[in-house]
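Per-entry structural report
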Amino acid sequence: MIKLMQRNQGKRLLKEMEQAESYEEWVELAGAYDHEMGLDEWKQDDACESYDYRAIRQRLDQLRDLRFRRDYPQLLFILNEGIHGNLGGMGKPALYSKAKLGTKNLITRYIDELCGALHDLNEVDEKIISLEEKQDFFQRASHCYGRSALMLSGGAVLGFFHAGVLKALFDRGLLPEIISGSSAGSILAATACTHADDELKERLNLDNLHHEVDEAEQIRPVLSLLGNGRPNMDADNLRDYLQHIVPDLTFQEAFERTGRKLNITVTGLSPRQAPRLLNAITAPNVLVRSAVMASCAIYGIYPPVTLMCRNASGETAPYLPDEKWIDGSFADDLPAKRLARLYGVNHFISSMTNPAALAITPDPDRPSNPVRSVLNFQGRLLKLGTAETLRFSRQHVRIKSPMLSLVQHLTYGILAQEYTADINIFLRNRWDHPLRLLAPPSREAMHRLIYEGERSTWDRIEMVRNCTAVSRTLDGILHQRGWEV
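Residues numbered from 1 in each chain as written. Predicted model: local features only at pLDDT ≥ 70, side-chain atom pairs only at ≥ 80, totals over all residues. Heavy atoms only, no water.

Per the secondary structure count, the chain includes 21 helices and nine strands. Considering only intrachain contacts with a sequence separation of at least 6, the fraction spanning at least 24 residues in the chain is 77%. (Helix = DSSP H or I, 4+ residues; strand = E, 2+ residues; numbered from the N terminus. Contact = heavy atoms within 4.5 Å.)

Right under this line is the structure:
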């Protein structure tokens, strides 16, 4: 009887969590659920097969002892042995899927102690640890530890889900400085990276976003596989919409304004043209709006785009005028490898709304069972087999039709990609009619998407906080000192 009452209480709390209007309300309900279901005891018990709790406990005791004794030279030595983001497996998603709020208290205590030790070393008198030693340590530690990036996928109108993800992370001070966007994701990534902190929250709210859609007189893409002229009008609508939400900035100017590193993927119209990741490093003078237009140019719906830049005279001019670009999600929806190479990123958070990706990629963090595991395995075999077939045909079968050749190339690009990250925020309530993806959402539908983005992120907040705490601390110290990150 007691267990039945406990289960019923748990179901009630879960239902209330789904309807929570704020993160604070959700946290209170999640804490009550963990307490009711006995998960507080699980958090307090260090032992668990999912991670090496002994190694973490030993490391925690070392840090505490050295900080208590103020033995900063030895503390520096210990930290120089290595600061690892996944020490003992403490970053595993499984450790955050048991309880609704947080994970093992040992992990949280260790991360807090480590961040405190880093602050101690930064603030200790330079007679004990010289400025040169500090700079050398913090720059090396930041380089070795790496940093996090947020990747926003394509997804047409479902991309408004990303607004909720951005808002939830920004409200908690957890929005990464490095953000990428493809297709619809590029619109929200550009919004986040072209507005300073004091105006970003307003730019992401429902009233602002839906008002802008109305002003754009509703974006109505029209299929143009046969080359009709209608999409040019629809592209103009999209261009007008972007003028309302994205300032007229280059990638370099956007970085200087916000300190956030915007990355937008575009796919070459020609199969011989490799996809590009546009940012302040690779394309500093390219105009952000034109990059978003290109990344949103779904083949057969919007016309290909010529990128525009600001030239040496400050005038707007074509960038690579002989090249045309289309939807970035076809070839590199989540550009993890390129972000890793350019920024030293080794921890990725993805917000996934791409219908094609969702159709072929199961949520890796969803609880599994034998039947689901078999179905997922068979689905992955089918995906890989189809991708290999397309790869072989691209290399050995000559297709005379340029359009069919491009379709083959783009289909292979979709199937060959990986759509999961270290922390995955998946759209759960997928729309049932494909045409809805191409129609402007009602205010109610937009509210639902933004809210679901927030709600889905609340589940991941503590994981994001713990997994990014050290890199945020290191980057904060480097920024404070004016040292190169």
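Further remarks concern unusual backbone geometry. Unusually for a residue other than glycine, R70 sits at a positive phi of about 55°. Following the sequence through the fold, R70 ends up in the loop between α4 (53-69) and α5 (72-80). Under the relative-accessibility criterion, R70 is labelled exposed at 64%. Despite not being glycine, A156 has its phi angle at roughly 50°, a positive value. Within the fold, A156 resides in the loop between β1 (147-152) and α8 (160-171). (Buried < 20%, exposed > 50% of the residue type's maximum accessible area, 1.4 Å probe, protein only.)

Before going further, it helps to spend a moment on the confidence of the model for the chain. Averaged over all residues, the pLDDT of the chain is 85; the fraction at 70 or higher stands at 81%. Mean pLDDT values for the elements of the chain range from 55 in helix α18 (residues 370-396) up to 98 in helix α13 (residues 251-258). The low-confidence segment residues 212-231, where pLDDT is below 50, has 43 contacts with residues more than four positions distant or belonging to other chains. (pLDDT = per-residue confidence, 0-100.)

The positions UniProt marks with the feature "active site" (unreviewed entry) are S183 and D327. The greatest C-alpha distance among the residues just named is 5.6 Å, despite their covering 145 residues of sequence, which places them together in space. Relative accessible area serves as the criterion here: at 4%, S183 is assigned to the buried category. Positionally, D327 belongs in the loop between β7 (325-326) and α15 (329-332). Ignoring any residue separated from it by four or fewer positions in sequence, one finds D327 in contact with S183, T267, A294, S295, A297 and I298. (UniProt positions renumbered as here; feature names shortened; annotations may be inferred.)

Before going further, it helps to examine the packing of aromatic side chains. To describe a pair of aromatic rings, one takes the distance between the centres and the angle between the planes. Within the structure shown, the criterion is met by five aromatic pairs. Both rings, one in Y23 and one in W458, keep their centres 6.2 Å apart while their planes meet at 55°; by these two values the pair is tilted. Highlighted residues: Y23 in helix α2 (residues 23-36) and W458 in helix α20 (residues 443-458), separated in sequence by 435 residues. Measuring from centroid to centroid gives 6.3 Å for Y51 and Y53, while their planes differ by 55°, and the two rings are tilted. Here Y51 and Y53 have matching classes, each one buried. Members of the aromatic cluster, connected to one another through ring pairs, are Y23, W26, Y451 and W458. (Phe/Tyr/Trp six-rings, centres within 6.5 Å; stacked < 30°, edge-to-face > 60°.)

Before going further, it helps to examine the packing of helix α6 (residues 105-123) against helix α21 (residues 461-481). Closest axis-to-axis distance for the α6/α21 pair is 9 Å, and the angle between their directions is 10°. Here α6 lies roughly parallel to α21, going by the angle between them. Packed against α6, whose contacting residues are I107, T108, I111, L114, C115, L118, H119 and N122, the element α21 presents N466, A469, V470, T473, L474, I477, Q480 and R481 at the interface. Of the residues in the contact of α6 with α21, the class split is nine nonpolar, six polar and one charged. (Axes fitted to C-alpha atoms, helices over the stretch in contact; angles between N-to-C directions. Parallel < 35°, antiparallel > 145°, perpendicular 65-115°, else oblique. Nonpolar A, V, L, I, M, F, W, Y, C, P; charged D, E, K, R; others polar.)

An α-helix turns once every 3.6 residues. As a result, residues three or four positions apart point the same way. Burial within helix α14 (residues 288-295) is extensive, with seven of its eight residues counted as buried. Turning to α14, its buried residues number three or more, namely V288, S290, A291, V292, M293, A294 and S295.

Another aspect to go through is the side chain of S329. As for its position among the elements, S329 is in helix α15. Residue classification places S329 among the buried residues on the basis of a relative accessible area of 9%. Within the structure, the side chain of S329 is placed 2.7 Å from the side chain of D327, a separation counted as a polar contact. If we ignore the near neighbours within four places in the chain, the residues touching S329 are G154, S182, S183, T265, N354 and Q417. (Polar contact = N/O pair within 3.5 Å; in protein donor to acceptor, adjacent residues only side chain to side chain.)

Structurally, R239 can be placed in helix α12 (residues 230-245). A relative accessible area of 38% places R239 in the partly exposed class. Spatially, the C-alpha atom of R239 lies 7.9 Å from that of R289, the residues being 50 residues apart in sequence.

A full pass over the atoms with the stated rule returns 28 salt bridges. Salt-bridge contacts for D171 lead to K167; the nearest nitrogen and oxygen are separated by 3.2 Å. Highlighted residues: D171 and K167, both in helix α8, separated by four residues, approximately one helical turn. In this structure K167 comes out as buried when scored by relative accessible area, which is 18%. Between R260 and D197 there is a salt bridge, with its nearest N and O atoms 2.8 Å apart. Placement of R260 in the loop between α13 and β3 (261-268) and of D197 in helix α10 (residues 197-203) is noted, with a sequence separation of 63 residues between them. We classify R260 as buried; its relative accessible area is 8%. Judged by its relative accessible area of 45%, D197 falls in the partly exposed class. Linked by salt bridges that have partners in common, E18, R428, E452, R455 and D459 make up one network. (Salt bridge = Lys/Arg side-chain N within 4 Å of Asp/Glu carboxyl O.)

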